[in-house]
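# Coordinate analysis (summary)
Single-letter residue listing:
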Amino acid sequence: MSYPPVPRQPMPRLQVVVTLFAAASLAAVAIGVSVPEDGHNAWHLVKAWGGVALVAAALTFAPALSSAFHLSSYRAGQIAMGGAAGLGLYWVLFVLPDIGKNTSLITTLGVAAGIVVAWIAPGRQPADGSPGPHPDRRPTGPSW
């Protein structure tokens, strides 16, 4: 006996926006570190920090991929915030000092897109709106 296919539910609009901003962040950071300017690309200057920036930009995909990795929206939001913090650190350490370069603009846009993901992602605070512990979080252990 064959069952009819179950129709897929459309993606919520916020999920689409989060995915697009995360993709823009990853693409712009990758372009910013890879495109040569004045004979060298940013990998020449930033070395492994470019990889840190790319990993941070990839972490902003957490809210979009939370169901695939069985993450609560709160945990996915925390991961996205960590990625945004890493992007911000990279920007302050390496992009800001060379802000006059053309590749700095695309990297800045990528960092901004990653920060937007962390800002608009669902799960930034517990569902009940309280700033206290969230039911999805593990106990913190003994308080000292």
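In this report, the structure presented in the accompanying data block is examined. Values in this document were obtained by computation on a predicted structure and should not be read as measured data.

## Some thoughts on unusual backbone geometry
- One non-glycine residue with positive phi stands out, namely Asp 38, at about 60°.
- Mapping Asp 38 onto the fold places it in the loop between α1 (13–34) and α2 (42–46).
- Its relative accessible area of 68% is what places Asp 38 among the exposed residues.
- You will see that His 70, though not glycine, has its phi angle at about 55°, which is positive.
- Mapped onto the elements of the fold, His 70 is located in the loop between α3 (48–59) and α4 (73–95).

## Focus on the environment of Trp 43
- Structurally, Trp 43 is set in helix α2.
- A relative accessible area of 31% means that Trp 43 is categorised as partly exposed.
- C-alpha of Trp 43 to C-alpha of Val 33: the two residues are ten residues apart in sequence and 5.9 Å apart in space.
- Ignoring any residue separated from it by four or fewer positions in sequence, one finds Trp 43 in contact with Val 33, Ser 34, Gly 50, Gly 51 and Leu 54.
- Side-chain polar atoms of Trp 43 contact the side chain of Ser 34, separated by 3.5 Å.

Reading the values: the criteria
Residue numbers restart at each chain and count upward from 1, following the sequence in its written direction. This being a predicted model, a pLDDT of at least 70 is required before a residue's local features are given, and a value of 80 or more before pairs of side-chain atoms are given or counted; all residues contribute to the totals for chains, interfaces and linings. Side-chain numbers come from the whole structure's heavy atoms, not from hydrogens or water. Each helix corresponds to a stretch of at least 4 residues labelled H or I by DSSP, and each strand to a stretch of at least 2 residues labelled E; elements are numbered beginning at the N terminus. Exposure classes here rest on a 1.4 Å probe applied to the protein chains alone. A residue is buried below 20% of its type maximum, exposed above 50%, and partly exposed in between. Whether two residues are in contact is decided by their heavy atoms: any pair within 4.5 Å suffices. Any N or O atom pair separated by 3.5 Å or less is treated as a polar contact, with the protein-specific requirement of one donor-capable and one acceptor-capable atom, and with residues adjacent in sequence counted only for side-chain atom pairs.

Honestly, it's all geometry; don't read function into it.
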